[in-house]
Amino acid sequence: HIPGYAIGGLAGGESKDDFWKVVDQCCKALPDDKPRYLMGVGYPLDLVVCSALGVDMYDCVYPTRTARFGVALVPGEDPGTLRLKSNEFSRDHRVIMEGCLCPACQGGYTRARLHTLLKRNNPLAATLMTQHNIAYMMYLVRGMREAIMEDRYGEYVRRFINDQFRGSMNGGRDAPSWVKDALSEAGVDLHSP
């Protein structure tokens, strides 16, 4: 009696086309009444796409590792990150993400303050960034879970993709073909209202 299934061996350098196709094949072959756990996958875009394909759980060092390098995860335009060590944030007096419940955002730590702490290698910066990235991932998966439970995941995915990839018509770039192909296979039409 198996409580669930792990899908592993991915996120190790294969193309994104191969990645999503393996995930899709595994999800189609595994029973629907058992959780499907995708090991070592943690980029927000990958979570949104792979959940559409049928994955239920994830784990990855990405949110915490990238935090230690001064990268904050945020919603919005691709890549959905802020590199707070960059000088462009030295005078940015906004918190990382409005409405975020992490100690950095709730404590009023501005992007400029975090920039300074990161540049000085202050360990507090890594702690605050890590807490923020974990809070962001919780925000992301909470939204995904609510959309699934309310039977509006397709709408959620469309909004997420449209936020990340504003489209060439809007001065941005289009979603990568692997994303479009995977979501099409999952039955998510990116052009529906």
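Position numbers for residues count from 1 along each chain, tracking the sequence in the order it is written. Note on the predicted model: pLDDT of at least 70 is required for a residue's local features to be given, and 80 or more for side-chain atom pairs to be given and counted; whole-chain, interface and lining totals, by contrast, use all residues. Processing note: side-chain calculations cover all non-hydrogen atoms of the structure and skip hydrogens and water entirely.

A.B. asks: Looking at this structure, I do not really get the overall build of the protein. What am I missing?
C.D. replies: Helix and strand labels come from DSSP, where a helix needs a run of H or I of at least four residues and a strand needs a run of E of at least two; each type is numbered from the N terminus. Each helix and strand counted, the protein has eight helices and five strands in total. Going residue by residue from the N terminus, the α and β elements of the protein occur as β-α-β-α-β-α-β-β-α-α-α-α-α. C-alpha extents for the protein along the principal axes are approximately 50 × 45 × 35 Å. Buried residues are those whose accessible area, probed at 1.4 Å on protein chains only, stays under 20% of the maximum for their type, while exposed residues exceed 50% and partly exposed ones sit between those limits. Here the protein holds 193 residues, and the buried ones make up 44% of them. Note on definitions: a residue-residue contact is assigned when non-hydrogen atoms from the two residues lie within 4.5 Å. In the protein, 55% of the contacts between residues at least 6 apart in sequence involve partners at least 24 apart. Accessible surface computed for the protein: about 10600 Å², of which carbon and sulfur atoms make up 50%. Looking at the protein, you have 23 positive and 23 negative side-chain charges, and the mean spots of the two groups are 10 Å apart. All accessibility values rest on the Shrake-Rupley procedure with a 1.4 Å probe; residue burial counts only the protein chains present in the view. Positive: Lys, Arg. Negative: Asp, Glu. His and the chain ends are not part of the count. Just so you know, the charge point we use is NZ for Lys, CZ for Arg, CG for Asp and CD for Glu.

A.B. asks: Before we go on, may I ask you to explain the side chain of histidine 115 in this structure?
C.D. replies: Residue placement: histidine 115 occurs in helix α5 (residues 111-119). Among residues more than four places away in sequence, those in contact with histidine 115 are Leu84, Lys85, Ser86, Asn87, Phe89 and Ser90.

A.B. asks: I would appreciate a short explanation of the layout of surface pockets in the present structure.
C.D. replies: Unfilled space is identified by rolling a water-sized probe across the atoms. Whether a set of points on the 1 Å grid over the protein atoms alone is a cavity depends on a 1.4 Å probe fitting there but being unable to get out, while an open set qualifies as a pocket with protein on both sides within 12 Å along at least five of seven lines; lining residues are those with an atom within 4 Å of a point. Grid points are joined across faces, edges and corners, and a volume is the space filled by probe spheres set on the points. Considering only enclosed or pocket space, the largest pocket measures out at about 560 Å³ in volume. Secondary structure elements with two or more residues in the lining of the largest pocket: α2 (44-53), β3 (57-59), α3 (62-68) and α6 (123-149). In terms of residues, the lining of the largest pocket owes the most to one element, α6, which gives eight residues. Residues are grouped as follows: Ala, Val, Leu, Ile, Met, Phe, Trp, Tyr, Cys and Pro are nonpolar; Asp, Glu, Lys and Arg are charged; all remaining types, including Gly, are polar. The residue makeup of the lining of the largest pocket, split by class, is 18 nonpolar, four polar and three charged. Taken together, 19 residues line the second largest pocket, and the ones lying closest to its centre are Tyr43, Leu45, Asp78, Pro79 and Gln164. The element contributing the most residues to the lining of the second largest pocket is α2, with three residues. When its residues are assigned to classes, the lining of the second largest pocket shows 12 nonpolar, three polar and four charged.

A.B. asks: In this structure, what is going on with helix α1 (residues 16-29)? I would like to understand it.
C.D. replies: For α1, with 14 residues, the first-to-last C-alpha span of 20 Å sits near the 20 Å given by 1.5 Å per residue. When α1 is considered as a whole, its buried residues turn out to be Phe19, Trp20, Val23, Asp24 and Cys27. Axial view of α1: buried residues confined to an arc of 125 degrees, hence all on one face. Exposed and facing more than 90 degrees away from the buried side of α1 are Gln25, Lys28 and Ala29. Packed against the buried residues of α1 are β1 (5-7), β2 (36-39), α2 and α8 (177-185). In this analysis, the expected span of each helix is defined as 1.5 Å times one less than the number of residues it contains. When we speak of the arc, we mean the arc of directions from the helix axis to the C-beta atoms.

A.B. asks: Would you mind showing me how to read unusual backbone geometry here?
C.D. replies: Of all residues except glycine, most have a negative phi; of all peptide bonds, most are trans. Of note, the phi angle at asparagine 121 is positive, near 55 degrees, even though the residue is not glycine. With respect to the helices, strands and loops of the structure, asparagine 121 is situated in the loop between α5 and α6. Not every positive phi belongs to a glycine, and aspartate 151 is a case in point at roughly 55 degrees. Within the secondary structure, aspartate 151 sits in the loop between α6 and α7 (153-164). With relative accessibility at 72%, the residue aspartate 151 sits in the exposed group.

A.B. asks: Please explain the environment of proline 44 as it appears in this structure.
C.D. replies: Here proline 44 lies in helix α2. For proline 44, a relative accessible area of 11% translates into the label buried. Taking the C-alpha atoms as reference points, proline 44 and proline 63, 19 residues apart in sequence, are found 9.3 Å from one another.

A.B. asks: Help me understand the pairing of β2, please; the structure alone is not making it clear to me.
C.D. replies: Two faces, one strand: in a regular strand the side chains alternate between the faces of the sheet. Of the two faces of β2, the one holding Arg36 and Leu38 is buried and the one holding Tyr37 and Met39 is not buried anywhere. Pairing of β2 with β3, which is carried by three bridges, proceeds in the parallel orientation. In the sheet register, tyrosine 37 faces β3, and the bridge partner there is methionine 57. With strands facing away from the observer, any crossover in which the path from the first strand over the helix to the second runs clockwise is taken as right-handed. You can see the chain leave β2, run along α2 and come back into β3, and the turn it takes is right-handed. Two strands make a pair as long as DSSP finds a minimum of two bridges between them.

Note that every value here comes from positions in space, so none of it alone points to a role or purpose.
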